[in-house]
Structure formats: structure tokens, C-alpha cells
Amino acid sequence: NRLPRTRRITSSNEIRALFQRGKRSRTAHLDVFDFASPVAHPRVGVVVPKHRRNSVERNKVKRRLRELLRLEVLPRLSAHQATVDVLVRARREAYNATFDQLHEELIDFVERKWSHAR
């Protein structure tokens, strides 16, 4: 299963806009930006800076984050009827984080941010 293109933020202009206008929330390993979506459904994106790491390490972090966004974050946002764009930027610490740590941080972010919206 893949993350549908309609649910992805891929344009560099949209990513830049999220960095500038989005509300940033920090976790131990991630910066999460959110802003109202121009479309009628939630969308997600991932940015993983190099931080002097090789492509294998970088791709591992990207795959983990994409999978969490696809399986956990998007369904929760849809359940809360949130029409929002969420951009996750891995911090340097994310390279040493376990899948479970990243999972917990993203779930906590979504639930803290949108649990009151219902």
C-alpha cells in the first residue's frame, strides 16, 4: 500500500509555505508543522535533512515517517475531520530514534492537537 498522491504534499512551494506559515510543534525527534489545507482533506509531507548522514540512514528515517503518516496520522486526521496539511521534518535526533519513539510522538501530536475538535 502506498500513500495516495492526493494525500501528499509534494510541491516545494507548498513545503516552503508550511515552513513559513505553519504552526510548529516540537517533539524530541521531530518538528511538525500544520496549517489549514487548501483541499477538502488532510495531506501530509516529510522532510528529512541530511545532517551529515548517508542516503541509507536518511531513507530509513523517511520510510519510517511515511509509514507512520500513512497508517496512523492520516486516518486519525480524517476521523477528526481535520482539513489540514501536516509536514514532518526530522531533526538530527530522529536518526537515532526507534520506530516506536517516532510512532508515539506523532500519535501524541495528533491526539493533543485534534482530540478537542470532535
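Description of the structure in this document.

Reading the values: the criteria
Each chain has its residues counted from 1, running along the sequence as written. Totals for whole chains, interfaces and linings use every residue, but because this is a predicted model, local features are given only for residues with pLDDT of at least 70 and side-chain atom pairs only at 80 or more, for both listing and counting. Side-chain metrics in this entry use all non-hydrogen atoms of the structure; hydrogen atoms and water are not considered. Strands here are runs of E lasting at least two residues and helices are runs of H or I lasting at least four, both read from the DSSP assignment and numbered beginning at the N terminus. Relative accessibility thresholds used throughout: buried, under 20% of the residue-type maximum; exposed, over 50%; partly exposed, between the two (1.4 Å probe, protein chains only). Counted as a polar contact is a pair of N or O atoms within 3.5 Å, where, for protein atoms, one must be capable of donating a hydrogen and the other of accepting one, and residues adjacent in sequence contribute only when both atoms are in side chains. The contact definition used throughout considers only heavy atoms, calling two residues in contact when any of these lie within 4.5 Å. Cavities and pockets are defined on a 1 Å grid built over the protein atoms alone: a cavity is a set of grid points where a 1.4 Å probe fits but cannot escape, while a pocket is an open set with protein on both sides within 12 Å along at least five of seven lines, and lining residues are those with an atom within 4 Å of any such point. Grid points are joined across faces, edges and corners, and a volume is the space filled by probe spheres set on the points. Put simply, Ala, Val, Leu, Ile, Met, Phe, Trp, Tyr, Cys and Pro go in the nonpolar bin, Asp, Glu, Lys and Arg in the charged bin, and everything else, Gly too, in the polar bin. What we call a nonpolar core is a set of buried Ala, Val, Leu, Ile, Met, Phe, Trp, Tyr and Cys residues that are connected through their side-chain atoms within 4.5 Å. One requirement defines pairing of two strands: DSSP has to find at least two bridges between them. By convention, orient the strands away from the viewer: a clockwise path from the first strand over the helix to the second makes the crossover right-handed. One less than the residue count of a helix, multiplied by 1.5 Å, gives the span that helix is expected to have. In what follows, salt bridge is the name for a side-chain nitrogen of Lys or Arg lying within 4 Å of a carboxyl oxygen of Asp or Glu.

Once that is clear, we can look at the side chain of Arg43. In this structure, Arg43 sits in strand β3 (residues 43–47). Note on Arg43: relative accessible area 7%, which makes it buried. A polar side-chain atom of Arg43 sits 3.0 Å from a polar atom in the side chain of Glu14. Here Asp85 takes part through its side chain, which lies 2.8 Å from a polar atom of the side chain of Arg43. The contact partners of Arg43, leaving out residues within four places of it in the chain, are Thr6, Arg7, Arg8, Ile9, Glu14, Ser37, Pro38, Leu74, Val84, Asp85 and Val86.

On to the layout of surface pockets, then. Leftover empty space is mapped by rolling, across the atoms, a probe with the size of a water molecule. In this model, the largest pocket occupies a volume close to 220 Å³. Together, 14 residues line the largest pocket, and Arg8, Ile9, Gly45, Val46 and Arg66 are the ones closest to its centre. Residue classes in the lining of the largest pocket are distributed as eight nonpolar, two polar and four charged.

Moving on to the nonpolar core. Leu30, Leu65, Leu77, Val86, Val88, Leu106 and Trp114 are the most contacted members of the largest nonpolar core, which totals 25 residues. At seven residues, the largest contribution of residues to this core is made by helix α2 (residues 55–79). Core analysis: the next-biggest nonpolar cluster, separate from the first, contains six residues, Ile9, Phe33, Val47 and Leu87 among them.

Time to look at the pairing of β3. If a strand is regular, its side chains alternate between the two faces of the sheet. Burial runs high along β3: four of the five residues are buried. Pairing of β3 with strand β4 (residues 84–90), which is carried by five bridges, proceeds in the parallel orientation. Looking at the pairing, Val47 lines up with Arg89 of β4. The parallel pair β3 and β4, bridged by α2, forms a crossover whose chirality is left-handed.

With that settled, consider helix α3 (residues 99–114). With 16 residues, α3 should cover 22 Å at 1.5 Å per step; its first-to-last C-alpha distance of 23 Å lies within 8% of that length. Listed as buried for α3 are Leu102, Glu105, Leu106, Ile107, Phe109, Val110 and Trp114. Contacts made by the buried residues of α3 are with β1 (23–26), β2 (30–36), α2 and β4.

Moving on, we come to the pattern of salt bridges. For the structure shown, the criterion picks out 10 salt bridges. Here Arg70 ties to Glu67 by a salt bridge, and the two come within 2.9 Å at their closest N and O atoms. Taken together, the residues Arg70 and Glu67, both in helix α2 and three residues apart, mark about one turn of the helix. Residue classification places Glu67 among the partly exposed residues on the basis of a relative accessible area of 30%. As a salt-bridge pair, Arg91 and Glu93 come within 3.6 Å of each other at their nearest N and O atoms. In the salt-bridge network here, residues are joined through shared partners; they are Glu14, Arg43 and Asp85.

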